Amino acid sequence: MSAPTPATQPRMQAVRDFGRALLFLGKVISRMRFTRLQVAETLRQIYFAGVRSLVIIVTCGFFVGLVLTLQSYDALARFGAADATSTLLALSLFRELGPVLTAILFAGRAGTSITAEIGLMRATEQLDALDLMAIDPLERIIQPRLIAGMITVPALVLIFNATALLGGVVYAVFLMGTDSIVFWGNIQNTVELGRDFGHGMLKAVGFGIVASWLAVYYGWTAKPTGEGVALATTQTVIATAIVVLFLDFVLSALML
Amino acid sequence: MLESTDRAAAITLNKVTVRLGGRLVLEDLSLDIPRGKVTAVMGPSGAGKTTILRLITRQIRPETGTVRVGETQVNQLKGRELGRFRRNLGVLLQNGALFTDLTCFDNVALPLREHTDLPETLIRRLVLIKLQTVGLRGAAEMYPRELSGGMNRRIAMARAMALDPDIMLYDEPFAGLDPISLGVSLRLIREINDAQDTTSVVITHDVDEVARLADHCHIIADRQLIASGSPAELAESDHELIRQFMGGHPDGPVPFHYPAPDLAEQMLAGQAR
């Protein structure tokens, strides 16, 4: 086998990084323990990652719903199909926009905070201190944050979808005068619980795993310097966005 | 050079060689830490003092040689055995390494909650006793960010002795302390050692403090153990490097300047840097 050339080295590095991240995830899962302390810490992390992300999720959800309705109402009205706006809105949200945007927003708000926190814990020897007290940092620090992220993202997707629909109602019903019975009735008649809403929620679970996995991984592997932690937080957002978009394509293709 | 198999020693490093990132840090080093005493491991910056602490705690393994703590071969430990071994060590890291999201009380209670099944009422009493020992019972509900660096280190000391370990390891416990905190830390290390009959290892380069505190000293330089003895014996030594170190002279066997090309040549070379 020939040695890697400079052109193939970045790709080799990416493959190596992915392998390391997978091994890290495997290690965390194999060491999981569910004691009273762990459950309490997980609930605390759900608060930090979830409740504190609510402002950005609710705000973005509302405006995404508003703009999406505005654009689709305008386009559909040209074909005399303005009543189908709510169907288009609901399908776009449930199938794609809700899970994808929530996961990316989660990476930007909670993911970066998780990465920075773990990176700083390494820089200030807090992870070493745990290790020296015979407390496994993977179990005490990583596990609660990983599980909290997995639970939080699907819950945030539900909230994002609900507020985006509210944005749609504000534009279509209150501003453009669409009958609210028509608006909700069309959604009820066309959106399937399993195929549309269910598949979207499955994606949300997948994206939750990816977003929290990458956040804890980049924090864990951050260099213990200011620059190292800054780089790790940036990598969390970039890697999560890329993997979520790629995974979205794969899952969409599989679910259709 | 010392080559000991002394079973009375609490900690024994035997012909240990350590290489970190390709750089040789310790070479064929042997030393004993006597049981029940306060032993200082001293040496210039970068001499490998903290590496010795990391060998004892099994954070790193030697390339060759053995590390023994009591009857335990530390370099062979892993998994649960390593966990059990570490529960018997109290380590004070350089910056205290307290958990900033926990109060001082919860920091000290953490090892008790993780490793014992004691009821919360008993844990509360034990934590308050430990905090009382370091004089910070009144700061129990405060967060580390609300306390000074010296106080943080005292809380970390209380946490390190929470499980009443047989061995206490202190990494640069005096660095950056004001004279009052320094005096308090010296007294605490001595009191903890004597009251709990522990073996204490203090990694430091503070010569004056060691003279006031330690029963025994090891000086590390050039990847080797160059001297051992009581602080008084070392102060009397005529070894050139020991005299430079104990006297704090800027030049000697350990040069003040990092190796560099000739100053005049570099200044006149006309390069940007």
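Residues numbered from 1 in each chain as written. Chains lettered and ligands numbered in written order. Predicted model: local features only at pLDDT ≥ 70, side-chain atom pairs only at ≥ 80, totals over all residues.

1. Brief notes about the overall build of chain B
And step 1. Each helix and strand in chain B was counted, giving 10 helices and 10 strands.
And step 2. Against the globule reference of 19 Å for 273 residues, chain B gives a C-alpha radius of gyration of 20 Å, in line with a compact fold.
And step 3. Taken over the C-alpha atoms alone, chain B extends approximately 70 × 45 × 40 Å along its principal axes.
And step 4. For chain B, buried positions account for 40% of its 273 residues.
And step 5. In chain B, 64% of the contacts between residues at least 6 apart in sequence involve partners at least 24 apart. (Helix = DSSP H or I, 4+ residues; strand = E, 2+ residues; numbered from the N terminus. Rg over C-alpha atoms; globule rule 2.2 N^0.38 Å. Buried ≥ 20, exposed ≤ 12 C-beta atoms within 10 Å, placed from the backbone. Contact = placed C-beta atoms within 7 Å.)

2. Let's talk about unusual backbone geometry
All names here are of chain B.
And step 1. We note that aspartate 28 has phi near 55°; this positive angle belongs to a residue other than glycine.
And step 2. Position of aspartate 28 among the secondary structure elements: in strand S2 (residues 23-34).
And step 3. In this structure aspartate 28 comes out as partly exposed when scored by C-beta crowding, with 15 C-beta atoms within 10 Å.
And step 4. If you check the backbone angles, alanine 97 has positive phi at about 55° while not being a glycine.
And step 5. Residue placement: alanine 97 occurs in the loop between strand S6 (89-92) and helix H3 (104-115).
And step 6. What makes alanine 97 buried here is the crowd of 26 C-beta atoms within 10 Å.

3. Quick notes on the interface of chain A and chain B
And step 1. Counting from both sides, the interface comprises 10 residues of chain A and, opposite them, 14 residues of chain B.
And step 2. It is helix H5 (residues 126-132) of chain A that contributes the most residues to the side of chain A that touches chain B, 4 residues altogether.
And step 3. Here the side of chain A that touches chain B is composed, by residue class, of 6 nonpolar, 2 polar and 2 charged. (Nonpolar A, V, L, I, M, F, W, Y, C, P; charged D, E, K, R; others polar.)

4. Section: the packing of helix H3 (residues 54-77) of chain A against helix H4 (residues 85-123) of chain A
Residue and element names in this part refer to chain A.
And step 1. Here H3 crosses H4 at 145°, and the two axes come no closer than 10 Å. In this structure, the crossing between H3 and H4 has a hand that is right-handed. Residues Ile56, Ile57, Cys60, Val64, Gly65, Leu68, Thr69, Ser72, Tyr73 and Leu76 of H3 pack against Thr85, Leu88, Leu89, Ser92, Leu97, Leu101, Thr102, Leu105 and Arg109 of H4.
And step 2. When the residues that make up the contact of H3 with H4 are grouped by side-chain class, the tally is 12 nonpolar, 6 polar and 1 charged. (Axes fitted to C-alpha atoms, helices over the stretch in contact; angles between N-to-C directions. Left-handed = near helix turned anticlockwise from the far one by under 90°.)

5. What about the sheet that holds strand S4 (residues 64-69) of chain B?
All names here are of chain B.
And step 1. Across the sheet, which stays open at both edges, the 4 strands sit in the order S2-S1-S4-S5 with antiparallel pairing between neighbours. Among the strands making up the open sheet, the edge pair consists of S2 and strand S5 (72-73).
And step 2. Relative to S4, strand S1 (residues 9-20) is paired through 5 bridges, and the arrangement is antiparallel. The residue bridging threonine 12 from the neighbouring strand is arginine 68, located in S4.
And step 3. The strands touched by helix H1 (residues 49-56) are S1, S2 and S4; relative to S1, the strand with the most contacts, the crossing angle is about 115°. (Pairing = 2+ DSSP bridges.)

6. A short note on the confidence of the model for chain B
And step 1. Here chain B shows a mean pLDDT of 85. Residues at 70 or above account for 92%.
And step 2. Both scores are available for the predicted complex, with the pTM at 0.84 and the ipTM at 0.82. (pLDDT = per-residue confidence, 0-100.)

7. Looking at the pairing of S4(B)
All names here are of chain B.
And step 1. Here S4 runs beside S5; their pairing, made up of 2 bridges, is antiparallel. The residue bridging arginine 68 from the neighbouring strand is glutamine 73, located in S5.
And step 2. Hairpin connection, S4 to S5: the antiparallel pair is bridged by 2 residues, and glycine 70 has positive phi, about 65°.

8. Thoughts on the domain arrangement of chain B
Interfaces are frequently sized by the accessible area removed from exposure as the parts join.
Residue and element names in this part refer to chain B.
And step 1. As assigned here, chain B comprises domain 1 (9-88 + 166-271) and domain 2 (101-164).
And step 2. When each unit is reduced to the centre of its C-alpha atoms, the spacing between domain 1 and domain 2 is 27 Å.
And step 3. Between domain 1 and domain 2, the residue contacts involve 12 residues of the former and 12 residues of the latter.
And step 4. Broken down by element, the side of domain 1 that touches domain 2 gets its largest block of residues, 6 residues, from helix H6 (residues 179-196).
And step 5. Class assignment for the residues of the side of domain 1 that touches domain 2 results in 6 nonpolar, 4 polar and 2 charged. (Domains from an automatic or database assignment.)

9. Quick look at the sheet that holds strand S9 (residues 216-221) of chain B
Residues and elements named next belong to chain B.
And step 1. Ordered by their spatial adjacency, 6 strands build an open sheet running S6-S7-S8-S3-S9-S10, and the pairing between neighbours is mixed. Either end of the sheet is taken by a strand with one partner, and the two such strands are S6 and strand S10 (224-229). Across the sheet, the axes of successive neighbouring strands diverge by a mean angle of 15°, strand direction being ignored.
And step 2. Of the pairings in the sheet, the one linking strand S3 (residues 38-42) to S9 comprises 4 bridges and is parallel in character.

10. Some points on the environment of Gly229(B)
Residue and element names in this part refer to chain B.
And step 1. With respect to the helices and strands, glycine 229 occurs in strand S10.
And step 2. Look at glycine 229 and you get partly exposed, because 15 C-beta atoms sit within 10 Å.
And step 3. In this structure, the C-alpha to C-alpha distance between glycine 229 and aspartate 208, residues 21 residues apart in sequence, is 15 Å.
And step 4. Those residues in contact with glycine 229 that sit more than four places away from it in its chain are Cys217 and Leu234.

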